[in-house]
Amino acid sequence: MEIQKTALYNYHKNLGAKFVPFAGYEMPIQYKDGIVKEHISTRTHAGFFDVSHMGQFFLEGDETLIESLEKIIPADLKNLKINHSKYSFLLNGEGGIIDDLIITRTEKGFCIILNAACKENDIKQISQFLTKDHKHLLNNDLSLIALQGPKSVEILDKLIPGVANLKFMTGNNFDYDGEKLYVTRSGYTGEDGFEISISNKKVEKLIDYLISNEVKPIGLGARDTLRLEAGLCLYGHDLNEKINPIEANLKWAIAKKRKEVGGFNGWEKIKVLLIKGSEKIRVGIKPDGKVIARENTKIFSSDNNEIGLVTSGTFGPSVNAPVAMGYVKSEFSEIGTSIQLEVRGKKYGGKISELPFYKKSYVK
Amino acid sequence: MSEKKFSKKHEWVSLEGELATVGITKHATEMLGDIVFVEVPEAGKAVEKEGQAAVVESTKAASDVYSPLSGEITEGNKAIADDPGSVNTDPEGASWFFKLKIKDKGEFDSLMSKDEYDKFCKENPN
């Protein structure tokens, strides 16, 4: 398949982006400032991220649509209010995570934001549960822009009055330049911010405005350091089809009612794990020194038994130290447990750490 | 007077008598991006020409630093291990990686001059 480009590709190029192929798209990994500066400017001012490669999947239908979706998504969609969003996942029959997602209730149904690399398969998986009365559309005419950082609200509310009233994980329709656009207060950085769904035709104008307010463009590199400091999972690394939500330490994302009643893919397995606990579990990891424990670093107990594997690891610019996430045998998952990390054949000390590494400032 | 030469692996070497000082070039730091971790060799370690001698990691990835010359390490620069970011600011000055006592001056002579290295970088942009 030919590599795809987002509507902002040339815009990024003019901003000095360095591109990498990512999930079938040519995406900016960083701009002129580099990853650390981009990271810091998001935390101290605001940054924008072109995340138009992600799938914006719209579903319409009657009450039976909810029943269909609840078979593969363990959120309480029946009680999800219009314009409210939930973090959830698509589950396979074994309870493994097919993708993680944000689902928002709309006037006519739902909008689901899907990972770029997974979106085609996700739609196939979801479609198995749909009937001919349910309409669905992966809308490629829309861009998706994340605006993240403490100044986001002030800057965006000047352009689109009313967004300041949104609470975290809610959204609404707003008028902008003669068009309707949909804004949610959400993100993937641990900062306050918004995700703006806007037509490909208008997106450059929006970015012009953001740049005139000193909002920096942020590439995938800083997106990764920001989300890791915030303790958020990256699909394909920290999550995959062989990992279930209990192992992923995401049981909070399964709705309380759904935990009791079930009725979704993988429930038989998850029901047992909810009582017994899983053999391995996702944890935060802080190396003691400066060494970076990257993905696939082996984790050992203090008495040299192999107990797990790092799934994401980098240097956290705001923590000013290396940070990592990984899976360890559950008996080693207590915060503060001493571990060893094997980097380039040598073992370095580290500790199981609380997540997130960086405290969030969401508006609730 | 010291003489400075460059390797295809983007190290620089400055030679004074038998003592060589090695670091990574400005061009290398620009390709790596923000440097966040450095590991330098201990004194006494024997290194081979083009053998792995140190490690440098940016926010993006880990890379090996090779010794452009054979010899014995006399000192690793602890200051850059404590402050890896300094390699971005002064890669060809205070932020050298290690010093070594060289075995064979011929190895040094075969490295590139400044002009040759600049040309090499232009022809091999990545």
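Scoring rules and cut-offs
- Residues numbered from 1 in each chain as written.
- Chains lettered and ligands numbered in written order.
- Predicted model: local features only at pLDDT ≥ 70, side-chain atom pairs only at ≥ 80, totals over all residues.
- Heavy atoms only, no water.
- Helix = DSSP H or I, 4+ residues; strand = E, 2+ residues; numbered from the N terminus.
- Rg over C-alpha atoms; globule rule 2.2 N^0.38 Å.
- Contact = heavy atoms within 4.5 Å.
- Lys, Arg positive; Asp, Glu negative; His and termini not counted.
- Charge placed at Lys NZ, Arg CZ, Asp CG, Glu CD.
- Pairing = 2+ DSSP bridges.
- Buried < 20%, exposed > 50% of the residue type's maximum accessible area, 1.4 Å probe, protein only.
- Domains from an automatic or database assignment.
- Buried area = accessible area lost by both parts, 1.4 Å probe.
- Salt bridge = Lys/Arg side-chain N within 4 Å of Asp/Glu carboxyl O.
- Axes fitted to C-alpha atoms, helices over the stretch in contact; angles between N-to-C directions.
- Nonpolar A, V, L, I, M, F, W, Y, C, P; charged D, E, K, R; others polar.

**Notes on the overall build of chain A**
Across its full length, chain A holds 9 helices and 19 strands. The C-alpha radius of gyration computed for chain A amounts to 20 Å, which stays within 12% of the reference 21 Å derived for 364 residues, consistent with globular compactness. Taken along its principal axes, the extent of the C-alpha atoms in chain A is 65 × 50 × 40 Å. The contacts of chain A with a sequence gap of at least 6 include a subset with a gap of at least 24, amounting to 65%. Each charge class in chain A can be summarised by its mean position, and for the 50 positive and 46 negative side chains these summaries are 3 Å apart.

**So, the pairing of strand β18 (residues 338-343) of chain A**
Residue and element names in this part refer to chain A. Where strand β15 (residues 298-301) meets β18, 4 bridges bridge the pair, whose relative direction is antiparallel. By the bridge assignment, Lys 298 is partnered in β18 with Glu 342. Judged from the 6 bridges that link them, β18 and strand β19 (residues 346-353) form a sheet pairing that is antiparallel. Bridge assignment links Glu 342 to a residue of β19, and that residue is Lys 347. Two successive antiparallel strands, β18 and β19, enclose a turn made up of 2 residues, where Arg 344 displays a positive phi of approximately 50°.

**Quick look at unusual backbone geometry**
Residue and element names in this part refer to chain A. That bond from Leu 355 to Pro 356 is cis: its omega, -5°, falls within 30 degrees of zero. By the element assignment, Pro 356 lies in the segment after β19. One non-glycine residue, Asn 249, adopts positive backbone phi at about 60°. When you line up the elements, Asn 249 lands in the loop between α7 (220-229) and α8 (256-261). Assessed through its relative accessible area of 38%, Asn 249 is described here as partly exposed. The residue Asn 304 is not glycine, and still its phi comes out positive at about 70°. Considering the arrangement of structural elements, one finds Asn 304 in the loop between β15 and β16 (306-316).

**Considerations on the domain arrangement of chain A**
How big an interface is tends to be expressed through the accessible area that disappears when the partners come together. Residue and element names in this part refer to chain A. On domain assignment, one finds that chain A holds domain 1 (9-54 + 140-229) and domain 2 (279-353). For domain 1 and domain 2, the distance between their C-alpha centres works out to 31 Å. With 8 residues of domain 1 at the interface, the matching set in domain 2 holds 11 residues. Taken together, both faces of the contact between domain 1 and domain 2 bury some 720 Å²; the carbon and sulfur share is 71%. Contact with domain 2 buries surface across domain 1, with Thr 225, Leu 228 and Glu 229 losing the most and accounting together for 63% of the total. Taken together, the links from domain 1 to domain 2 amount to 0 salt bridges.

**Examining the sheet that holds strand β6 (residues 51-58) of chain B**
Residues and elements named next belong to chain B. Taken together, the 3 strands give an open sheet; going across it, the order is β4-β6-β7, and neighbouring strands pair in antiparallel fashion. The sheet is open, and its two edges are formed by β4 (35-39) and β7 (62-67), each paired on a single side. Averaged over all pairs of adjacent strands, the angle between their axes in this sheet comes to 30°, without regard to strand direction. Pairing of β4 with β6 involves 4 bridges; the strand directions are antiparallel. Its bridge partner being in β6, Val 38 is matched across the sheet by Val 56.

**Remarks on the pattern of salt bridges**
All names here are of chain A. One pass over the full model with this rule turns up 23 salt bridges over all chains. With a shortest N-O distance of 2.9 Å, Asp 177 and Lys 205 are connected by a salt bridge. With a gap of 28 residues between them, Asp 177 in the loop between β10 (171-176) and β11 (179-184) and Lys 205 in helix α6 (residues 203-212) connect regions that are remote in the sequence. Take Asp 177: its relative accessible area is 33%, and that puts it in the partly exposed class.

**Re the interface of chain A and chain B**
Taken residue by residue, the interface counts 14 residues in chain A and 16 residues in chain B. Summed over both sides, the interface between chain A and chain B buries roughly 1200 Å², with carbon and sulfur atoms accounting for 50% of that surface. Together, Lys290(A), Arg294(A) and Arg344(A) form the three largest contributors to the area buried by chain A at its contact with chain B, with a combined 45%. If you look at where chain A meets chain B, you find 2 salt bridges. We note a salt bridge from Glu57(B) to Arg344(A), for which the minimum N-O separation is 3.1 Å. Of all elements in the fold, only α2 (35-44), β16 and β19 of chain A reach the threshold of two or more residues within the side of chain A that touches chain B. A breakdown of the residues in the side of chain A that touches chain B according to their chemical character gives 6 nonpolar, 3 polar and 5 charged.

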